[in-house]
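Residue strings, one per chain:
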4 protein chains.
Amino acid sequence: MQKRLGILTSGGDCPGLNAVIRAVVSHATLTYNWQVVGIPYATRGLLERKAIPLSIHGLDLRGIDPLLNMGGTILGSINKGDTLAHVEEIVAGYHALELDALIGIGGDGSLAILNQLQKQGNWNFVAIPKTIDCDVSSTEKVIGFDTAVNTIVDALNRLTFTAASHDRVMIVEVMGRTAGHLALQSGIAGGADAILIPEISYTIQGVCEHLAELRDRWGRRFAIIVVAEGVQIAADSSKEPSSQKPSCGIGQYIADELCSCTNHQIDIRVSVLGHIQRGGIPSASDRLIATAFGKAAVDLLANGQSAQMVAWQNGQVIAVPLETVLASSPCLVNPNHFLVQTARALGIYVGENSILFG
Amino acid sequence: MQKRLGILTSGGDCPGLNAVIRAVVSHATLTYNWQVVGIPYATRGLLERKAIPLSIHGLDLRGIDPLLNMGGTILGSINKGDTLAHVEEIVAGYHALELDALIGIGGDGSLAILNQLQKQGNWNFVAIPKTIDCDVSSTEKVIGFDTAVNTIVDALNRLTFTAASHDRVMIVEVMGRTAGHLALQSGIAGGADAILIPEISYTIQGVCEHLAELRDRWGRRFAIIVVAEGVQIAADSSKEPSSQKPSCGIGQYIADELCSCTNHQIDIRVSVLGHIQRGGIPSASDRLIATAFGKAAVDLLANGQSAQMVAWQNGQVIAVPLETVLASSPCLVNPNHFLVQTARALGIYVGENSILFG
Amino acid sequence: MQKRLGILTSGGDCPGLNAVIRAVVSHATLTYNWQVVGIPYATRGLLERKAIPLSIHGLDLRGIDPLLNMGGTILGSINKGDTLAHVEEIVAGYHALELDALIGIGGDGSLAILNQLQKQGNWNFVAIPKTIDCDVSSTEKVIGFDTAVNTIVDALNRLTFTAASHDRVMIVEVMGRTAGHLALQSGIAGGADAILIPEISYTIQGVCEHLAELRDRWGRRFAIIVVAEGVQIAADSSKEPSSQKPSCGIGQYIADELCSCTNHQIDIRVSVLGHIQRGGIPSASDRLIATAFGKAAVDLLANGQSAQMVAWQNGQVIAVPLETVLASSPCLVNPNHFLVQTARALGIYVGENSILFG
Amino acid sequence: MQKRLGILTSGGDCPGLNAVIRAVVSHATLTYNWQVVGIPYATRGLLERKAIPLSIHGLDLRGIDPLLNMGGTILGSINKGDTLAHVEEIVAGYHALELDALIGIGGDGSLAILNQLQKQGNWNFVAIPKTIDCDVSSTEKVIGFDTAVNTIVDALNRLTFTAASHDRVMIVEVMGRTAGHLALQSGIAGGADAILIPEISYTIQGVCEHLAELRDRWGRRFAIIVVAEGVQIAADSSKEPSSQKPSCGIGQYIADELCSCTNHQIDIRVSVLGHIQRGGIPSASDRLIATAFGKAAVDLLANGQSAQMVAWQNGQVIAVPLETVLASSPCLVNPNHFLVQTARALGIYVGENSILFG
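Residues numbered from 1 in each chain as written. Chains lettered and ligands numbered in written order. Predicted model: local features only at pLDDT ≥ 70, side-chain atom pairs only at ≥ 80, totals over all residues. Heavy atoms only, no water.

Undergrad: For this particular structure, what's the right way to read the overall build of chain A?
TA: A count of helical and extended segments in chain A gives 11 helices and 11 strands. Relative to the compact-globule value of 21 Å for 358 residues, chain A shows a C-alpha radius of gyration of 23 Å, a close match. In terms of overall dimensions, chain A has C-alpha extents of about 75 × 45 × 35 Å along its principal axes. Residues counted as buried form 66% of the 358 residues belonging to chain A. Of the roughly 11,900 Å² of accessible surface on chain A, a fraction of 48% belongs to carbon and sulfur atoms. If you average the places of the 25 positive and of the 32 negative side-chain charges in chain A, the two averages end up 5 Å apart. (Helix = DSSP H or I, 4+ residues; strand = E, 2+ residues; numbered from the N terminus. Rg over C-alpha atoms; globule rule 2.2 N^0.38 Å. Buried < 20%, exposed > 50% of the residue type's maximum accessible area, 1.4 Å probe, protein only. Areas by Shrake-Rupley, 256 points an atom, 1.4 Å probe, with all protein chains shown as cover. Lys, Arg positive; Asp, Glu negative; His and termini not counted. Charge placed at Lys NZ, Arg CZ, Asp CG, Glu CD.)

Rendered as C-alpha cells:
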C-alpha cells in the first residue's frame, strides 16, 4: 500500500520553508512513490485532523513552480498554539490522518514540542531545523539564516547612506531572540561601527567613547550601531535595572542613553527592522540547504529512522537524535569566536572586553 | 576667466542626489569648462564659506565612478538649519566663495528658503526638485520617488509572505508627509488590501468591514494595510480627537483601533518602514531623471537664466520659474485620480467614498 | 446572463503580463461580475478553442497571490504563430468559445494581427500594449520596459566593475529590435561611455577616437559600450556592406572592428545579455501600469467600446483607436531627443553627429 | 620603524576583493600600526615598482566607505601576465618597494605563481583564496563563489519565466572552468531540470529521454538545462570527437545536438551568462569571508608566519602551508557528493549514472 507522509511547518516563518516542502514532495513522490500531505498550521492541523494533498502537479501554475522562490510557508504556521492543552488529541491526529510518517520543520521551541508528541504518539518523525536566529544546536546551518543576514545587510547599506548624508548615529535593532548571530554577522558584513549582542555585556560609556574616537581620530561624523533585540540594559545604565528589557524597545533605550551621555550633541535615529527580516526570496544558500535537508529527511524515514533531526556538520548532511539536539544548550555566540575577534580587529565596538584600536 | 559653479543638496536625502552631482560636474566641465565646487551641508556650507572642488577625476576610485549607484549625498545635507537666523551671512557666502552660479537640489521646503536667499542675494540660481514624497508642484517627476516606491514594494512582498503564513493583518507605515503618493502607488503595486492616505478620510468601521468581507467572501485570512504617515485619526475613532496625530505613531493607532473593533479576534502587527525608504541604489528611472535634470540645470545657467526650477512635463525637461512653483499648492493625491479608482476597482479599501465590490 | 471575457497574451513575454491578468480578473469579477477565461498561447488557443477559467481564487496558493510578482505569462504565448493561415478558424474560435469580449496584450506585431482578426470577426476587443522595446506608438508607457531597463542597468553595474578591474572595453549587446530606447536609457542610467542605437549612424573611427580621448585626456583605462541589437554595420566599416547585419552578432562585429582599428592594443570582451532582459520580478512602475491598463481595458469593454488600445498619455490612461495606433510609425528614438543630448552632454559617444567634449 | 605591508589582487576579479582590501587596511593600521600599500595590477605592479598608499581615510568618500559593497578590485588585476618572463625583476620589486610583507589574493593559478616568487624572493607572504569556480583545495570557502551562485540563480529565475511562457528549452551556460560547483549548486537552487558538469559524463540520448519524460509523464512543456563551461562533448555525440570543446561554445553545441535528437520538434534557446557572473555587490557571506580572511592574513604575518594560505575549515579560519595547497588536486565535484544525489532525488538529470525517477 502507498505510504502517506505528512509535512508541517511550525513557529515563525522564514525564507526556504516552501523550498523544503517542494523537495520533500518531489523526492517522496519520484523516488519512493509515497503520497505527501500538508498539515496546515502546524499542530493545529493535527488537532483538527486536516491534511492537504500535495503533488508535483498541484503546486504548479502551468508547470511554473513558484515554491522554490517564495518566502513564507504555503502550509501556514502558528507561533504559540494551544498544543500543550491538547496533547492527546494532537497525538491521535497523526493516526487519525493515517500518516505513516511526519516531517516537521521548526526552530528549537517547536522541535521540543514535536519531540514530546512523537514520543507519546510513537510517530515516525524527522525534524528539519529552521530559524533566522541560528540558535538550534548540533547543526552549522539552518534554513532562513543566510537570507535574513542578507536582508539586514541590504538595510544597513541603505541606512548608511542616509546616516552619512546627515551626520547621524543610526541605531538598527535586529532580531535574534537570545542569540547575537544575526547582529554579529550582518554588522560585520554591513560595515557597522558597533555591534551589541546578548552574549557580551557593554557599557553606554564604552559606546560613547567609541563614537568620540571615530569622530576625533578618524573624522567620521556618523555611525551605524547594530543592536540585537535580546540585548539587555547596559552595565552602567542610568536607568533602574528593575527590568532587564526596556518597554520602549532596546534600540530606543540605547538611543536615549547615548543622548544623555553625549549631552544631546548628536543626532540619533532608531530603525527597528521588524518583520521584513523574515521575508523575501530565499538566498541560493538557503534554497540549497532546504533542498538537501528535505531530501535527507525523506531518506531517513525511508530507512526506518525516526526521532532524528537532519543537520549540517563539516560539509555533510547527517542525522542527529532529537534528544541530543534538545539536551544541548541553544547555540549562542561564543564571546571568543573568531568573528567577534574579526569585528574588533576592524575597530568595531562589540562590548566590554573590546580593545579599541589596540 | 573660468566660471565657478556651486552645487548643494538640501533637506532629507534620497537616492539620485549623487547622480545629479555627477551629471552637473561632467556637463559643466566637459561642455562649458567651468569649475564646479560642492557646498557642504546645504546653506551651512555657505554660512561657513566652505567649498569642495569637484572634478571628474576627484570623484573616482581608480576611474570607477560610484556616484551613479550610490544613495545619499556626498555633499551632506541638513534638514532644518539655522538658515533664517543667518540670512545675510548666507547670502554673502555665495559671493565670498566667488560663485558665478549655484544649483540647489531640494524639496519644497528647501526650495522656498533657497528662493528667498537668491532673491535677496541676486544669485544666479537654478533648483532641481527631489523628494521621495513626490509633492513638489509643477513637475511630474522628482528625484527619489521611483526608488522609494520600489523599496516599499519590496518590503510589502516580504511582509505579505510572513502575514500569509501566520494569518496576520500587517499594518505598514510608510513615509510621504502630507501626501499619499508613496502609499497609494506602492500599495497598488505591492498588492495591499487597504491603503490609507491623508487626502481621503476613512473609518475604522470601513476597514473592519473590508477585512470581514475579505475573510468571509473570499476566504482571505490575512491582509496588508498600507498607511501613510500623514494620515490622521479616523472619522469614527473611539479616541478623543484632541490631537490629530497619535503619539504612538499612526500605524500603531490603527492597529489598536482595529483590535478593539474586532474584539481582539485578529492577530495584528505593525511595521514602520522608516529610514530604509530613503536609502538604496537609485532605480534606473531616478538615475535618468537625475542626469537629465543635472544637464538641464547647467544649460539654463549657461543661457543666463536664473530663479528657475527644472521640471518634467509631458515628456520634456523644461524650466519653471521658482515663483510659480512656490505659489502653487503642494502636489497631493487627487481623490478622483484614476489610480485611486484603479485601487478600488481591484477591491482595495481606500477610504470613505470607497465602493466595495460594486 | 453573465458575460464572458477572454484574455490572451501574444508575442515575446515580459514582466508585468501576469499583473495585467490579475487586474483584469479582479476588476471584471468584483465590479462587473463577469466570468473571465484565459486563452492559452495567444491565437492558438482560439484556433484550438481552449479557454481556462480564471478566478480570484483559482490563481491563489492559499490566498497568496503570486501573479503580481511573477514574470512571464501563465497563459503562455507564441511569437510567430500560423495565424495568417487560419484566420477564419481563429475568428470563429472567439464565437465558439462564447466570448462576449476579448482583451489582448501584445506588441505592435501582435496588435496588427489581432486588429485584423477583430475586424473580420466583429469582436469586442481592447488591446493593451506591452514590449520591452518601447516602440508601440500612441502611448508613453508600455508594460515591461521599465523592468528591462532596470535589469540592463544592473548588468551594466556588474560588468563595469569587472571591466574596470581588468582595464577592458566591454561591449554589451542589448535588445530593442529596430528601436534604441532600451540601449539609450540603460546606457545613460548605467554609466556607459558609448551608446550605439539604430536611429543614429556611427563610425568605428568615431568610437576609437572616443576611447582614445577617454584614456589620454581623462585617464580612463576601461570603457563600457552599449550596443542595441538593431544597430547596423558602421558607416566606415572595413567589411563589405553586403549584409547590414553581421551573422556573428552586432556586438562581436563592433569588437572585431575596434580590435582592428586599435591594432589589437585593447582588451575587448562582448557580453550578449539575451533573454534575462525579458525576465524578472516586475518593477513597481510596471506593476502600476499593468494594473491601471488592465482596469481601464475592462471599463472600456463595459462601456461598449471596441477596437481600442489603452494608452498612457500626459499622465492619464486613455483609449486610442487601434487603427490610429497601427497607422502610425513605430516609436523610435528621435535623434534630437533631450535624452540623446543629455548623453552627449555627459561625454557619451552616441553616433556620428556627436560633439565630443565641446 | 613602521612596517610596510603590500597587498595585490591577481587573476579574474570577483565580488569581495575590495572587502578584503578594506579589512587588511583597517586591521593592519588600527591594530599593528603598519603602513599598507596597494600593488596595482598584480605582479605587474611589482615589476613596475608601483605602490599606492592605502589608508582608512584615503579610501573614503566623505567617510562613506564604498569598498565593502563594491564588486571588482580597486587595485586592478591581470589574468595572464608576462610574469614568468620577468621573475627576477618581480622578485626584486618586492624589496625595491621596501615591503616587509605581502598579501596576495588569487585563485589557484595565481597562487602557484605567487608561491614560486615568494620562495625565490624570500618574501613574507600570505595568500587569500578567491575564485567563483570554488576549485581551490584545502578550504571549504573562497571569496566570490556565494555571490556568483546567487547571481546565476537570479538569472535562472528570470529565464524560467520566459521559458515557461513560450514552452522553450533554455540552455544556460555558466562559468566554472574545469569544476562543476557553480553549475551544480545554482542548478539545484535555481530549479533546473538538467545539470551538466565536467565531472560526470552524459549522453545526448539521456538528456532527450529526460525531456520526454518531463513532458509525457509530468506535463512539463519547458525545461532549464544548466551547462558548465568545462563540459565536454557527449559520450554519444554525433560529432567527431576531434576536439573535446566545440568552437561555438558548449551551450550551443548541446542545443544543436538536442535539436537533431528531437527532430527539431522543440524550441531551444541558449543563454551564455558571461561576465555578469563575476560582478555585483558581494553577498553577506562573501563579505564575511573576505573580512575574516583579511584579518587572519594580517595576524599570520604579524606572528611571523609566511608561505601560508588562509583557509576555512570546519567553521574555523586556519592557515595551510601554500605547498600543501598547491600539491593537492583542484577541488572538483565528487560524483557521489550528497548534492549530486540531492539533485537526482529531485528528478534532475545530472549525467550518465543518473537514475531517473527511481
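Back to the text.
Undergrad: Whenever I open this one, the state of the cysteines confuses me. Can you help?
TA: In protein chemistry, a disulfide is the covalent bond that joins the sulfur atoms of two cysteines. Counting across every chain of the model gives four disulfides over all chains. Covalent S-S linkage joins Cys 208 of chain A and Cys 261 of chain A, the inter-sulfur distance amounting to 2.4 Å. With Cys 208 of chain A in helix H7 (residues 204-218) and Cys 261 of chain A in helix H8 (residues 250-261), this pair connects stretches of sequence that are 53 residues apart. Under the relative-accessibility criterion, Cys 261 of chain A is labelled partly exposed at 30%. Free of any disulfide, Cys 331 of chain A has its nearest cysteine sulfur in Cys 134 of chain A, 5.9 Å distant. In this structure Cys 14 of chain B is a free cysteine whose sulfur lies 11 Å from that of Cys 134 of chain B, the closest cysteine sulfur available. (Disulfide = S-S within 2.5 Å.)

Undergrad: It is not clear to me how the relation of the copies chain A and chain D should be interpreted in this structure. Could you clarify?
TA: To go from the first copy of the chain to the second, apply a rotation about an axis and then a shift along the same axis. You can overlay chain A on chain D at an RMSD of 0.0 Å; the transform is a turn of 180° with a shift of 0.0 Å along its axis. The transformation relating the two chain copies, once decomposed into turn and shift, fits a two-fold axis. Of every C-alpha in chain A, the one belonging to Asn 314 of chain A sits nearest the axis of rotation, 2.7 Å from it. Comparing interface residues between copies, 100% of those in chain A also sit at the interface in chain D, which points to an isologous, same-surface contact. (Least-squares fit on C-alpha atoms with pLDDT ≥ 70 in both. Contact = heavy atoms within 4.5 Å.)

Undergrad: Teacher, can you tell me more about the interface of chain A and chain D here?
TA: Chain A puts 55 residues into the contact, and the matching count from chain D is 55 residues. Here chain A packs against chain D, burying approximately 4,500 Å² in sum over the two surfaces, 65% of which is carbon and sulfur. Where chain A meets chain D, there are zero salt bridges. Summed over the shared surface of chain A and chain D, the result is six residue pairs in polar contact (both at pLDDT 80 or more). Here the residues of the side of chain A that touches chain D are counted per class, giving 23 nonpolar, 24 polar and eight charged. (Buried area = accessible area lost by both parts, 1.4 Å probe. Salt bridge = Lys/Arg side-chain N within 4 Å of Asp/Glu carboxyl O. Polar contact = N/O pair within 3.5 Å; in protein donor to acceptor, adjacent residues only side chain to side chain. Nonpolar A, V, L, I, M, F, W, Y, C, P; charged D, E, K, R; others polar.)

Undergrad: Explain the UniProt feature "binding site: ATP" (unreviewed entry) in chain A here, please?
TA: Residues and elements named next belong to chain A. Residues annotated by UniProt as "binding site: ATP" (unreviewed entry) correspond here to Gly 12, Lys 80, Gly 81, Gly 107, Asp 108, Gly 109 and Ser 110. Along the chain, the position of Gly 12 falls in the loop between strand S1 (4-9) and helix H1 (17-30). Judged by its relative accessible area of 11%, Gly 12 falls in the buried class. Relative to the elements of secondary structure, Gly 109 occurs in helix H4 (residues 108-121). (UniProt positions renumbered as here; feature names shortened; annotations may be inferred.)

Undergrad: How should I be thinking about the sheet that holds strand S4 (residues 101-106) of chain D in this particular structure?
TA: All names here are of chain D. The seven strands are arranged S3-S2-S1-S4-S5-S10-S11 in an open sheet whose pairing can be described as mixed. For this open sheet the edge positions go to strand S3 (52-54) and strand S11 (316-321), each flanked by a neighbour on one side alone. In this sheet, neighbouring strand axes are inclined to one another by 30° on average, regardless of whether the strands run parallel or antiparallel. As defined by bridge partners, strand S10 (residues 308-313) adjoins S11 across six bridges and the pair is classed as antiparallel. When the sheet's bridge partners are listed, Gln 308 is paired in S11 with Pro 321. Across the face of the sheet, helix H9 (residues 284-302) comes into contact with strand S1 (4-9), S4, strand S5 (125-129), S10 and S11 while running at roughly 140° to S10. (Pairing = 2+ DSSP bridges. Axes fitted to C-alpha atoms, helices over the stretch in contact; angles between N-to-C directions.)

Undergrad: Is there a simple way to explain the environment of Ile 128 of chain C in this structure?
TA: All names here are of chain C. You can see Ile 128 is positioned in strand S5 (residues 125-129). Placed 168 residues apart in sequence, Ile 128 and Ala 296 show a C-alpha to C-alpha distance of 9.4 Å. Excluding residues that lie within four positions of it along the chain, Ile 128 makes contacts with Val 20, Ile 103, Gly 104, Ile 105, Gly 106, Ile 143, Phe 293, Gly 294, Ala 297 and Val 310.

Undergrad: What is the right way to look at the packing of helix H3 (residues 87-96) of chain C against helix H4 (residues 108-121) of chain C in this model?
TA: What describes two packed helices is the angle between their axes and the distance between those same axes. Residues and elements named next belong to chain C. Put simply, H3 and H4 touch, their axes get as near as 9 Å, and they point 65° apart. On the basis of their axis angle, the class for H3 and H4 is roughly perpendicular. Regarding H3 and H4, the two cross each other, and that crossing is right-handed. Only Leu 117, Gln 120 and Gly 121 of H4 make contact with H3, whose side of the interface consists of Val 87, Glu 88, Ile 90, Val 91 and His 95. Among the residues making up the contact of H3 with H4, the classes are represented as four nonpolar, three polar and one charged. (Parallel < 35°, antiparallel > 145°, perpendicular 65-115°, else oblique. Left-handed = near helix turned anticlockwise from the far one by under 90°.)

Undergrad: I'm lost on the sheet that holds strand S11 (residues 316-321) of chain C in this one. Help?
TA: All names here are of chain C. The strand order across the open sheet built from seven strands is S3-S2-S1-S4-S5-S10-S11, with neighbouring strands paired in mixed fashion. At either end of the open sheet lies a strand with only one pairing partner, and these are strand S3 (52-54) and S11. For this sheet, the mean angle separating the axes of adjacent strands, direction not counted, is 30°. In this structure, strand S2 (residues 35-38) lies alongside S3, joined through three bridges in antiparallel fashion. Along S3, the bridge assignment pairs Val 37 with Pro 53. Most of the contacts of H4 go to strand S4 (residues 101-106), to which it runs at about 160°, and overall it touches strand S1 (4-9), S4, S5 and strand S10 (308-313).

Undergrad: Before we go on, may I ask you to explain the environment of Ser 201 of chain A in this structure?
TA: Residues and elements named next belong to chain A. Tracing the chain through its elements places Ser 201 in the loop between strand S7 (194-196) and H7. Residue classification places Ser 201 among the partly exposed residues on the basis of a relative accessible area of 32%. Once the C-alpha coordinates of Ser 201 and Ala 234 are considered, the two residues, 33 residues apart in sequence, prove to be 7.1 Å apart. For Ser 201, the contacting residues outside a window of four places in its chain are Gly 351 and Glu 352.

Undergrad: Mind showing me how you'd approach unusual backbone geometry here?
TA: A negative phi angle characterises most non-glycine residues, just as the trans form characterises most peptide bonds. Residue and element names in this part refer to chain C. Backbone geometry at Tyr 41 places phi at a positive 55°, although glycine is not the residue there. Mapped onto the fold, Tyr 41 is located in the loop between S2 and helix H2 (43-47). Tyr 41 gets classed as buried once you look at its relative accessible area, which sits at 9%.

Undergrad: How do you make sense of the pairing of S10 of chain D when you look at a structure like this?
TA: Working note: regular strand, side chains alternate between the two faces of the sheet. Within S10 of chain D, five of the six residues are buried, which leaves the element mostly enclosed by the surrounding structure. Connecting S10 of chain D to the next strand, S11 of chain D, in antiparallel fashion are two residues, including Asn 314 of chain D with a positive phi near 50°.

Undergrad: Sorry, what's going on with the packing of helix H5 (residues 145-166) of chain C against helix H6 (residues 181-189) of chain C here?
TA: Residues and elements named next belong to chain C. For the pair H5 and H6, interaxial distance at closest approach is 9 Å and the crossing angle is 50°. Classified by the interaxial angle, the pair formed by H5 and H6 is oblique. The way H5 lies across H6 gives a crossing that is right-handed. On the side of H5, the interface is formed by Phe 145, Ala 148, Val 149, Ile 152, Val 153 and Leu 156, while H6 contributes His 181, Leu 182, Gln 185, Ser 186, Gly 187 and Ala 189.

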